[in-house]
Amino acid sequence: MSNNISFKDVFIKGAVIYNPVLIQLVGLCPVVAASTTFARAAMLSVVLCVELIVTCTVASALFKKIPRWVRVLLYLIIGTAIICPLLWYIESFSLINLSLGMKIYIPLIAVNSMTAVHCEQFSVKNSVKLSLYDAAAAGFGASIIILIVGAVRELLANSAIGGMPVNLPITFKGMALPFGCLILLGFMAAGLKAFVARMYPQNSADEEPVVSEVFADENSEVTEVEIFDEFWAEPQPEEVPEVPMSVPEKTSVKPAEPSFSTAEEIDELLKSLGIDIDIKGDKQ
Amino acid sequence: MRILTDLLMTALYTVFAQNLVLSSGLGMSEAIRVSTKPGTFGKFALMISGFSVVTSTLCSLIDSFKPMEAMPYAVRAAIYAGVLAGVYIIVAAVMRLFFGSSAKILGTLGIAALNTLVFTIPHINNSAAYSFAGSIGSGIGAGIAFVLAAALINSGSRKLAENEDIPEIFKGTPAMFFYVAMLSLAFAGFTDSNIFG
């Protein structure tokens, strides 16, 4: 079945409909913390794409039989093996003048949640070719967001784009801080949601999960990788279906209600502490 | 006494003034995810603090060697990654082989150990030139900061899910981004950041 899937299908799903940053909320650290200028965003994007593509491809080719708790370590090792020589090369030959902040943030990409999510949800369950497509799509989708965020933050915080001054009547230094980036991401996520609702209505509208379900974990009743599986993946019986982070399952969504199954637990906890607050909203 | 003061002051600074999750975005994806499971907060705080403390302590010891001073940053980063990988594999192997831990527990362990927050602590300790006690304090603080962030996100996301006044297009992840942005702004206040100007 894998052979029937085109690059376009994988690309639209991986880069747009389930954009890693705006929809899956993975890999937020490099976006929020480090992409304060266009140049930094460009550098992060390149490193992220290279690391993601290589790690996902290797994971698909070699890691399918390895237990998950060992695989997550191998992602770190591969990421470090790619990023540290790259950083050393940049440092040694003074290709780019890296600030200390960038020297810290670039190695962090090795433990980026985006890599773990895509390797676990897709690469170890699919062919090398499809994994390559998926990693390229996710890397592209994330890179576009990082570049836009970097450019807008530099423009509003420093009145410049790519180091070139732009005359703006006011500057908003807060855009260089994480909260400015998060506000921008909020508007971009809403824009993407509207775009997907218009262009791919079968994947959006009231089927969009609440955030908590996007991140339902391995203890949750929400199963993982359904969205990817139903479209691309062949079942792999030898694989234990556990992933570090989950994508939403369309059929289990109840947008009007909080999905936390822990409301009762919190109620009980509060009662045991002698606090009479009704979390569930049963008491009227 | 001075050691204890160093440890506590650094821990408090890491939790409140420099909450690494909300004011730096480190481990933010994991915090949002963990926020949906309040029952796991204690476990995560313990694991993240444990990994941060052990990793940053070992890295501080390695940093104290003379040759490390002249090392390119890339080599230093590779050494830190190696230490983190070593600590994780030892803990995971012990839990697996001696305690028969399930795949679920090991999965949680992987998320707690291999994330940007834990990996950053040795880098921060090095760049801020924290003392040995300070390094331990920042490790403990990282775990508490993570859980504080997850608890705040949990509290807000419940309200967001119940709020019918939010326009349809902003429900879900957009609203979550705005909410986390407000939390981040609140912590930016502790650091005397310049927002306008």
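Now for a look at the structure at hand. (Residues numbered from 1 in each chain as written. Chains lettered and ligands numbered in written order. Predicted model: local features only at pLDDT ≥ 70, side-chain atom pairs only at ≥ 80, totals over all residues. Heavy atoms only, no water.)

Comments concerning the nonpolar core
A general feature of soluble globular proteins is that nonpolar side chains tend to end up buried together. Ranked by size, the top nonpolar core spans 115 residues in total, and within it Val21(A), Leu22(A), Leu28(A), Ile106(A), Leu185(A), Tyr88(B) and Phe146(B) carry the most contacts. Leave out the neighbours within four places in its chain, and Phe146(B) touches Val21(B), Gly27(B), Glu30(B), Ala31(B), Val34(B), Phe44(B), Ile48(B) and Leu117(B). (Core = buried A, V, L, I, M, F, W, Y, C linked by side-chain atoms within 4.5 Å. Buried < 20%, exposed > 50% of the residue type's maximum accessible area, 1.4 Å probe, protein only. Contact = heavy atoms within 4.5 Å.)

Focus: the packing of aromatic side chains
All names here are of chain A. Applying the stated rule across the entire model yields 10 aromatic pairs over all chains. Relative to Tyr200, the ring of Phe195 has its centre 6.4 Å away and its plane inclined at 70°; by these criteria the two rings are edge-to-face. Feature note: the residues Phe7, Phe11, Tyr133 and Phe140 constitute an aromatic cluster, connected by ring pairs. (Phe/Tyr/Trp six-rings, centres within 6.5 Å; stacked < 30°, edge-to-face > 60°.)

So, the interface of chain B and chain A
Taken together, the contact pairs 67 residues of chain B with 65 residues of chain A. By the criterion of area lost to chain A, the three top residues of chain B are Arg33(B), Arg158(B) and Phe177(B), representing 14% of everything that side buries. On the surface where chain B and chain A come into contact, there are eight residue pairs in polar contact (both at pLDDT 80 or more). For the side of chain B that touches chain A, the class distribution of residues is 35 nonpolar, 22 polar and 10 charged. (Buried area = accessible area lost by both parts, 1.4 Å probe. Polar contact = N/O pair within 3.5 Å; in protein donor to acceptor, adjacent residues only side chain to side chain. Nonpolar A, V, L, I, M, F, W, Y, C, P; charged D, E, K, R; others polar.)

Structural notes on the environment of Ile48(B)
Residue and element names in this part refer to chain B. Topologically, Ile48 is positioned in helix α4 (residues 41-63). Between the C-alpha atom of Ile48 and that of Ile62, which follows or precedes it by 14 residues, the distance is 21 Å. Setting aside chain neighbours within four positions, we find Ile48 in contact with Ala112, Asn115, Leu117, Val118, Ala142, Gly143 and Phe146. (Helix = DSSP H or I, 4+ residues; strand = E, 2+ residues; numbered from the N terminus.)

Some words on a nonpolar patch on the surface
On the surface, Ile90(B), Val94(B), Leu97(B), Phe98(B) and Phe99(B) cluster together into a nonpolar patch covering about 610 Å² of accessible area. By the element assignment, Phe98(B) lies in helix α6 (residues 73-98). (Patch = residues over 30% accessible without salt bridge, like charges linked within 9 Å, V, L, I, M, F, W, Y side chains within 5 Å. Areas by Shrake-Rupley, 256 points an atom, 1.4 Å probe, with all protein chains shown as cover. Salt bridge = Lys/Arg side-chain N within 4 Å of Asp/Glu carboxyl O.)

Quick look at the environment of Ser138(B)
Residues and elements named next belong to chain B. Looking at where Ser138 falls in the secondary structure, it is placed in helix α9 (residues 132-162). Put simply, Ser138 and Pro174 are 36 residues apart on the chain and 32 Å apart in space, counted from C-alpha to C-alpha. Within the structure, the side chain of Ser138 is placed 3.0 Å from the backbone oxygen of Ser135, a separation counted as a polar contact.

Overview of the pattern of salt bridges
All names here are of chain B. On inspection of all chains with the given rule, the structure shows five salt bridges over all chains. A salt bridge links Asp63 to Arg76; its shortest N-O distance comes to 2.9 Å. Here the residue Asp63 occupies a position in helix α4, and Arg76 occupies one in helix α6, the gap between them amounting to 13 residues. For the residue pair Asp63 and Arg76, the accessibility class agrees, reading buried in each case. In this structure, the salt-bridge partner of Glu69 is Lys66, at a minimum N-O distance of 3.9 Å. With Glu69 and Lys66 both in helix α5 (residues 66-69) and three residues apart, the pair spans about one turn of that helix. According to the relative accessible area criterion, Glu69 is exposed, its value standing at 56%.

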